[in-house]
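Structural overview
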Amino acid sequence: MKKILFTIVTVFSLSCAQADSVMGMCTDSDKVCTCAADKLKSEVGADDYALYETIGTAYIANQAKGMDMGDAWDAAVKVEASKRGSTSTKILSKTNSLGRAHNKAIKSCK
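Residues numbered from 1 in each chain as written. Predicted model: local features only at pLDDT ≥ 70, side-chain atom pairs only at ≥ 80, totals over all residues. Heavy atoms only, no water.

1. Things to note about the overall build of the protein chain
The cut-off we apply is this: Numbering of helices and strands starts at the N terminus; helices are DSSP runs of H or I of at least 4 residues and strands are runs of E of at least 2. Only protein chains enter the accessibility calculation, which uses a 1.4 Å probe; a residue whose area is less than 20% of its type maximum is buried, one above 50% is exposed, and one in between is partly exposed. Throughout, the Shrake-Rupley method with a 1.4 Å probe supplies accessible areas, and for residues the shown protein chains are the sole cover considered.
Looking only at helices and strands, the protein chain features five helices and zero strands. Order of helices (α) and strands (β) in the protein chain, N terminus to C terminus: α-α-α-α-α. Counting every position in the protein chain, which comprises 110 residues, the buried fraction comes to 35%. Entry remark: accessible area of the protein chain is about 6,900 Å², with carbon and sulfur atoms responsible for 57%.

This is the structure we're talking about:
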């Protein structure tokens, strides 16, 4: 039963992640999260939003596999940095900035 429940939760989490992980990383109401995602996208631009969303998708998937928050994010950053021919440090710095902007957007949408 636990394995079935884990599978259902994993599939649900991955479905949400594929829809828009920025929404999935927001723990507020749907209204606030939608507002914040829209605000973030308009403030940071499509390319940076796509980077944050891509890493967020991998982050949520990593957490569904049982990784803790820090390890899940670091692993997602490492994979994306490799894909982009960049360093984890550069991508992490960028996503930290995007995360701060996302938190600011969430606060402003409350």
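We are not done yet, so read on.
2. Details of the confidence of the model for the protein chain
Test applied: The pLDDT score gives, residue by residue, the confidence of the prediction method on a 0 to 100 scale. Contacts between residues were defined by any pair of non-hydrogen atoms, one from each residue, lying within 4.5 Å.
Chain-level statistics for the protein chain give a pLDDT mean of 87 and a share of 83% at 70 or above. Below pLDDT 50 for its whole length, residues 1-18 participates in ten contacts with residues either more than four positions away or in separate chains.

3. What to know about the state of the cysteines
The test is simple: Counting rule for disulfides: a pair of cysteine sulfur atoms within 2.5 Å.
This structure, assessed with the given rule, holds two disulfides. One disulfide in the model links Cys26 with Cys33; its S-S distance is 2.0 Å. Disulfide Cys26 to Cys33: torsion about the S-S bond roughly -80°, handedness left-handed. Take Cys26 and Cys33: they sit in the same class, and that class is buried. Each sulfur in the disulfide pair Cys35 and Cys109 lies 2.1 Å from the other. Here Cys35 and Cys109 share a disulfide; its torsion about the S-S bond, -70°, makes the bridge left-handed. Remark: Cys109 occurs in helix 5 (residues 88-109) and Cys35 occurs in helix 2 (residues 30-44); sequence separation between them is 74 residues.

4. A few points about the pattern of salt bridges
Worth spelling out the cut-off: In the sections that follow, a salt bridge refers to a side-chain nitrogen of Lys or Arg positioned within 4 Å of a carboxyl oxygen of Asp or Glu.
Tallied over the full model, the rule gives three salt bridges. The salt bridge involving Asp28 is made with Lys110; its shortest N-O contact spans 3.0 Å. Separated by 82 residues along the polypeptide, Asp28 in the loop between helix 1 (2-24) and helix 2 and Lys110 in the segment after helix 5 bring together distant segments of the chain. The salt bridge partner of Glu80 is Arg84, with a shortest N-O separation of 2.7 Å. Separated by four residues within a single helix, Glu80 and Arg84 lie in helix 4 (residues 69-84), roughly one turn from each other. Residue classification places Arg84 among the partly exposed residues on the basis of a relative accessible area of 44%.

5. Let's talk about the packing of helix 3 (residues 46-64) against helix 4
What counts here: The convention used is that axes are lines fitted to C-alpha atoms, helices contributing only their stretch in contact, and that angles between N-to-C directions extend from 0 to 180 degrees. Put simply, angles under 35 degrees are roughly parallel, angles over 145 are roughly antiparallel, angles from 65 to 115 are roughly perpendicular, and the rest are oblique. Left-handed describes a crossing whose near helix is turned anticlockwise from the far helix by less than a right angle; the clockwise case is right-handed. Ten residue types, Ala, Val, Leu, Ile, Met, Phe, Trp, Tyr, Cys and Pro, are classed as nonpolar, four, Asp, Glu, Lys and Arg, as charged, and the remainder, Gly among them, as polar.
Relative to each other, helix 3 and helix 4 sit at 135°, their axes nearing to 8 Å. The angle between helix 3 and helix 4 falls in the class oblique. Crossing of helix 3 against helix 4: the hand is right-handed. Residue-level contacts link Leu51, Tyr52, Thr54, Ile55, Gly56, Ala58, Tyr59, Asn62 and Gln63 of helix 3 to Met69, Ala72, Trp73, Ala75, Ala76, Val77, Glu80 and Arg84 of helix 4. Looking at the contact of helix 3 with helix 4 residue by residue, the class counts come to eleven nonpolar, four polar and two charged.

6. Side note on the packing of aromatic side chains
Rules: Note on aromatic pairs: the rings of Phe, Tyr and Trp (six-membered ring only in Trp) are paired at centre separations within 6.5 Å, and the planes decide the class, stacked below 30 degrees, edge-to-face beyond 60, tilted for the rest.
Following the criterion strictly, the structure yields two aromatic pairs and no others. The structure contains a cluster of three or more aromatic residues connected by ring pairs, namely Tyr52, Tyr59 and Trp73.

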